[in-house]
Structure formats: structure tokens, C-alpha cells
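For reference, the chains in residue letters:
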Amino acid sequence: NAGVTQTPKFRILKIGQSMTLQCTQDMNHNYMYWYRQDPGMGLKLIYYSVGAGITDKGEVPNGYNVSRSTTEDFPLRLELAAPSQTSVYFCASTWTRSYEQYFGPGTRLTVT
Amino acid sequence: KNEVEQSPQNLTAQEGEFITINCSYSVGISALHWLQQHPGGGIVSLFMLSSGKKKHGRLIATINIQEKHSSLHITASHPRDSAVYICAVSHMNYGGSQGNLIFGKGTKLSVKP
């Protein structure tokens, strides 16, 4: 199993551009999450999904959108990128909330 | 005040030393997680526990639910243990967003040879 994969690994965006961060898991997990990690701060939840077709906001959803059309994929969309969205983004998945989460390798995004 | 507090923020140790990282939390939880973030950035789950103690190799995690406190111990530390160790808790109530993880800021450990 590949586990949780994320693409791209690195990306530089100009202010106002848009992009999609891809996340795929092959473990048939119901729950998927998007986090951002800023220097010196704990991981913050952006959006999460409890199954295909179901998504909900986390702690810091502004400026982002998600969709979950399949169990495997959970893309994160950035519209009108801003410097405040410069961060490292992690996707994670798990069977249920009572189990450990499996993390992807992360995407380092810089908005200039 | 953060709901999950870790101490120390930074820790430098000599190879072979016994290491303790602490985590305190202020909410009712269903489980506490310890995660390791490698220097390259990847995050892996080390432990998930809701009571008592768990051991895996040289790593030991303990939790005291009454005191809302957990510790991660590393015995006979080695330079390859150098990483950021992250404590996270999941709320006691599973409804809605309550079951999602709340993360501490992490403890950066450096083990010198």
C-alpha cells in the first residue's frame, strides 16, 4: 500500500493564483483531514470529511474549499492565494476517530 | 490558553540519556496521541492511549487521566531520535467536530552523539 500520498511536494504561487492540492489514500479510510502547519504552531485543521460526499469545516477554513467525491481522494482547493496561506499542508486519514491517523508527506506552499 | 501544552519546547540531550517530554491538556478526552515529525517533515503516529502505559521499543508513553497529563519517555536516546514530538488529544464527545484532534506545538528534540 502507498498509504497517503500528496502532490505536489513543493509549490510557489503568486498572490491571486489558484491551485489544488491533491490527496489520495489507498487504505479505504472513511475519515480524511487537511491540516496546515505554520512555524512554531501546532497543526490546525482546515477541513475534514467523514465519508464520500460529506465534508465539514475545521478551525481555519477561510480561503479553502474541499470535495470528497470518492473514498480515496480529498483535494484541497485554494482560490485567490494570499501570503497568509504560506504554510506546510498535511493530509491525513483514518478508519474512525478512535484510531490513529496516517499522514501524507506534506506540501510546502509559498505564496509571494 | 492552548488546550494542549507541551514542555519543554526544545530539548538537547547527549546520546544515551533518558528523555521525558510532557503534555498537559485542559479538555475531556477520549484518547491522547503521540506523533513524531522527522527532520524531513513526515509525521508518524507513535502511540494512541486512553489509560495507563504503552511501550514500543525504547519509547514509553504514560497517561494520567485524573491529572490530565501524559509523558513520553525515550530510554537510551540516540541521534536518530532527533525529531519533533507532537502531543494531540481527541475530545471526549465524538459528535461533530468534537472528535477531531487538537495538537500541541511540539517539542523539538536534538540528541548529540
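Residues numbered from 1 in each chain as written. Chains lettered and ligands numbered in written order. Predicted model: local features only at pLDDT ≥ 70, side-chain atom pairs only at ≥ 80, totals over all residues. Heavy atoms only, no water.

## A look at the sheet that holds strand S6 (residues 52–56) of chain B
Each strand in a sheet pairs with another by means of backbone hydrogen bonds, the pair being arranged parallel or else antiparallel. All names here are of chain B. Overall, antiparallel pairing links the five strands, which are arranged S1-S3-S8-S7-S6 in an open sheet. Since the sheet does not close on itself, it has two edges, and those belong to strand S1 (4–7) and S6, each with one partner. Taken pair by pair, the neighbouring strands of this sheet meet at an average axis angle of 15°, ignoring direction. Relative to strand S3 (residues 19–25), S1 runs antiparallel, the two sharing four bridges. The partner of Val-4 across the bridge, within S3, is Tyr-25. (Pairing = 2+ DSSP bridges. Helix = DSSP H or I, 4+ residues; strand = E, 2+ residues; numbered from the N terminus. Axes fitted to C-alpha atoms, helices over the stretch in contact; angles between N-to-C directions.)

## What about the pairing of strand S4 (residues 29–37) of chain B?
All names here are of chain B. The element S4 is extensively covered by neighbouring structure, given that eight of its nine residues are classed as buried. Pairing of S4 with strand S9 (residues 83–91), which is carried by eight bridges, proceeds in the antiparallel orientation. The residue bridging His-33 from the neighbouring strand is Ala-88, located in S9. Between the end of S4 and the start of strand S5 (residues 43–49), which pair antiparallel, lie five residues, with Gly-41 showing a positive phi angle near 110°. (Buried < 20%, exposed > 50% of the residue type's maximum accessible area, 1.4 Å probe, protein only.)

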